[in-house]
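Residues per chain are reported as follows:
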Amino acid sequence: MGPHPAVAAIRLAVRRVLHDVLTDLAARDRVAHASAPSGAPAPAASAAAVAPGRSPLVLVACSGGADSMALASALAFEAPKLGIRAGGVTVDHGLQPGSDLRAAEVIARMTALGLEPVESVAVSVGREGGPEAAARDARYAALDAVAERRGADAILLGHTRDDQAETVLLGLARGSGIRSLSGMAAVSGGPGAGGRYRRPFLQLDRQTARKACMVQSLPVWDDPHNADPAYTRSRLRHEGLPALEKALGKGVVEALARTAQLSRDDADALDSWAAEAEAAVRDESGLLDCAKLYALPPAVRRRVLRRTAVAAGSPAGSLFARHIEEVDRLITGWRGQGAINLPGRVEARRQGGRLVIRQG
């Protein structure tokens, strides 16, 4: 008799992602070998398939909640069959009393699953961007540091289809355009073509992960912040989405997840167009030509402006649609207005038919 359907679903999702990791590592290794100078020593291989002495390392980011515990159990089951070392990391945000003790419990649970190496990292959460954004920034910085130190080839995250639906709605509320509506990518961040972060559960609902934990008798911890109405995502989860389902019927979460994928495809295509267009709208000194910018479709032009602002030092996470709209008016609604101040002490100014975006 096979495993419970919920367990089978999470294992299949993780197995597919691990195969993708191996494929990406093998491709990266082939590129490294091909680019090595003739006669030079071959670079160290990246995947077990091409370097028998070196097994890839995949970590799971585990909070102790149902989603990440289900992910940890599936990784521990699937990784050894593919010659992959499986480890785990938990981040102690220090935002609740006894958080260090809970982190120690998560370490013990991951160790019991057979994950190795495992570690807990304590972080200091700032205030920039609000409590949720600050905690997220601190968490990803810690995960990046662990991956670099351990030489991890990928980190698995337990975001589910429900998380994706919430992210799409939050983006819609901010009015941030289709990139925000595209939600979380299945693969993102980190160095290399493949990306460091992998999200195997974006096609699975939260209930499947919780069911998988229950049938495997895996203890889980329910973060009280997830039910705290002080947090926007919590209100959306417990009030907003249920209200939408009551008004529109079941299937809202699935529809929002599909919207995320369609929006991501569109956003990726427009980003590629903007990357190609950017060189064509610069003059010989590298400045943006306002007349050429005006001739671009608005969606492409705004992407060029955003790319330029970020390159000048404006933090991407603090650069909102309203900022880009103000800069865009220097192109489409020029009336001699002054400079536009952007996050990161970046300034956008129109001078002699050119758009100058720089710090200071």
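The preceding data block contains the structure.
Scope of this entry: the structure provided in the associated data block. (Residues numbered from 1 in each chain as written. Predicted model: local features only at pLDDT ≥ 70, side-chain atom pairs only at ≥ 80, totals over all residues. Heavy atoms only, no water.)

Contact geometry for helix H5 (residues 161–174) and helix H8 (residues 232–248): axes closest at 10 Å, N-to-C directions at 95°. Taken together, the axis directions place H5 and H8 in an arrangement best described as roughly perpendicular. Where H5 abuts H8, its residues Asp 163, Glu 166, Thr 167, Leu 169 and Leu 170 lie against Thr 232, Arg 233, Leu 236, Arg 237, Leu 241 and Leu 244. Broken down by class, the residue content of the contact of H5 with H8 amounts to 5 nonpolar, 2 polar and 4 charged. (Axes fitted to C-alpha atoms, helices over the stretch in contact; angles between N-to-C directions. Helix = DSSP H or I, 4+ residues; strand = E, 2+ residues; numbered from the N terminus. Parallel < 35°, antiparallel > 145°, perpendicular 65-115°, else oblique. Contact = heavy atoms within 4.5 Å. Nonpolar A, V, L, I, M, F, W, Y, C, P; charged D, E, K, R; others polar.)

Ordered by their spatial adjacency, 6 strands build an open sheet running E3-E2-E1-E4-E6-E5, and the pairing between neighbours is mixed. A strand with exactly one partner marks an edge of an open sheet, and here the two such strands are strand E3 (118–122) and strand E5 (187–188). In this sheet, strand E4 (residues 154–156) lies alongside strand E1 (residues 57–61) in parallel orientation, the contact comprising 3 bridges. Residue pairing for E4: Leu 59 is matched across the bridge by Ile 155. Sheet strands in contact with helix H4 (residues 131–150) are E1, strand E2 (85–92), E3, E4 and strand E6 (197–198), and its direction is about 140° off that of E3. (Pairing = 2+ DSSP bridges.)

Let us now look at helix H2 (residues 66–78). The terminal C-alpha atoms of H2, which comprises 13 residues, lie 18 Å apart, in line with the 18 Å expected from a rise of 1.5 Å per residue. Of all 13 residues that make up H2, 12 are buried, and the element is covered over most of its length. Of all the positions in H2, only Ala 66, Asp 67, Ser 68, Met 69, Ala 70, Leu 71, Ala 72, Ser 73, Ala 74, Leu 75, Ala 76 and Glu 78 are classed as buried. (Expected span 1.5 Å × (residues − 1). Buried < 20%, exposed > 50% of the residue type's maximum accessible area, 1.4 Å probe, protein only.)

It is worth spelling out the pairing of E1 at this point. Burial analysis of E1 places 5 of its 5 residues in the buried class, the great majority of the element. In this sheet, E2 lies alongside E1 in parallel orientation, the contact comprising 5 bridges. For Val 60, the partnering residue across the bridge sits in E2 and is Gly 88. In this fold, E1 hands off to H2, which returns the chain to E2; that crossover is right-handed. (Right-handed = clockwise from strand over helix to strand, strands pointing away.)

Here we take up the nonpolar core. In this structure, Val 58, Leu 75, Met 110, Leu 115 and Phe 201 are the most contacted members of the largest nonpolar core, which totals 37 residues. Sorting the residues of this core by element identifies helix H1 (5–35), E1, H2, helix H3 (99–112), E4 and helix H7 (206–215) as the ones contributing at least two each. Sorting elements by how many residues they give to this core places H1 first, with 10 residues. Each residue touching Met 110, except ones within four places of it in the same chain, is listed here: Val 60, Cys 62, Gly 88, Val 89, Thr 90, Leu 115 and Val 118. Counting residues in hydrophobic clusters, the runner-up holds 24 residues, among them Ala 277, Val 300, Val 304 and Leu 355. (Core = buried A, V, L, I, M, F, W, Y, C linked by side-chain atoms within 4.5 Å.)

Turning to H4, a few remarks are in order. Here H4 spans 28 Å end to end across 20 residues, near enough to the 28 Å set by a 1.5 Å rise per residue. Taken as a whole, H4 has its buried residues at Ala 133, Ala 134, Ala 135, Ala 138, Ala 142, Leu 143, Val 146 and Ala 147. On the buried face of H4, the contacting elements are E1, E2, E3, E4 and E6.

As a further point, take the side chain of Ser 234. Looking at the element boundaries, Ser 234 is found in helix H8. Since its relative accessible area comes to 5%, Ser 234 is described here as buried. In this structure Ser 234 touches His 225, Asn 226, Ala 227, Asp 228 and Pro 229, once residues within four positions along its chain are discounted.

Moving on to the pattern of salt bridges. This model, assessed by the stated rule, comprises 28 salt bridges. Note that Asp 222 is salt-bridged to Arg 210, the shortest N-O span being 2.8 Å. Taken as a pair, Asp 222 in the loop between H7 and H8 and Arg 210 in helix H7 lie far apart in primary sequence, 12 residues in all. For Arg 210, a relative accessible area of 33% translates into the label partly exposed. One connected set of salt bridges, linked through shared partners, spans Asp 163, Glu 166, Arg 206, Arg 233 and Arg 237. (Salt bridge = Lys/Arg side-chain N within 4 Å of Asp/Glu carboxyl O.)

The next subject is the side chain of Asp 162. On the secondary structure map, Asp 162 appears in helix H5. Arg 206 provides the closest opposite charge to the buried, salt-bridge-free Asp 162, at an N-O distance of 4.5 Å. In this structure the side chain of Asp 162 is engaged in a polar contact, spanning 2.6 Å, whose partner is the backbone nitrogen of Arg 206. Dropping the residues within four chain positions of it, Asp 162 is found in contact with Asp 205, Arg 206 and Val 253. (Lys, Arg positive; Asp, Glu negative; His and termini not counted. Polar contact = N/O pair within 3.5 Å; in protein donor to acceptor, adjacent residues only side chain to side chain.)

Attention shifts here to the pairing of strand E10 (residues 354–359). Two strands pair when backbone bridges link them, and strand E7 (residues 288–289) and E10 are joined in this way by 2 bridges, in the antiparallel orientation. The residue bridging Leu 288 from the neighbouring strand is Leu 355, located in E10. Between strand E9 (residues 346–351) and E10, which follow one another and run antiparallel, lie 2 residues, and Gly 352 among them has a positive phi close to 55°.

On inspection of all chains with the given rule, the structure shows 1 aromatic pair. Pairing Tyr 140 with Tyr 197 gives two aromatic rings, centres 5.1 Å apart and planes at 85°, and the pair type is edge-to-face. Note that Tyr 140 is positioned in helix H4 and Tyr 197 in strand E6, a separation of 57 residues in sequence. On the basis of relative accessibility, which here comes to 4%, the residue Tyr 197 falls in the buried class. The ring centre of Phe 77 lies 3.6 Å from the NZ or CZ of Arg 11, which sits over that ring. (Phe/Tyr/Trp six-rings, centres within 6.5 Å; stacked < 30°, edge-to-face > 60°. Lys NZ or Arg CZ within 6 Å of the ring centre and 35° of its normal.)

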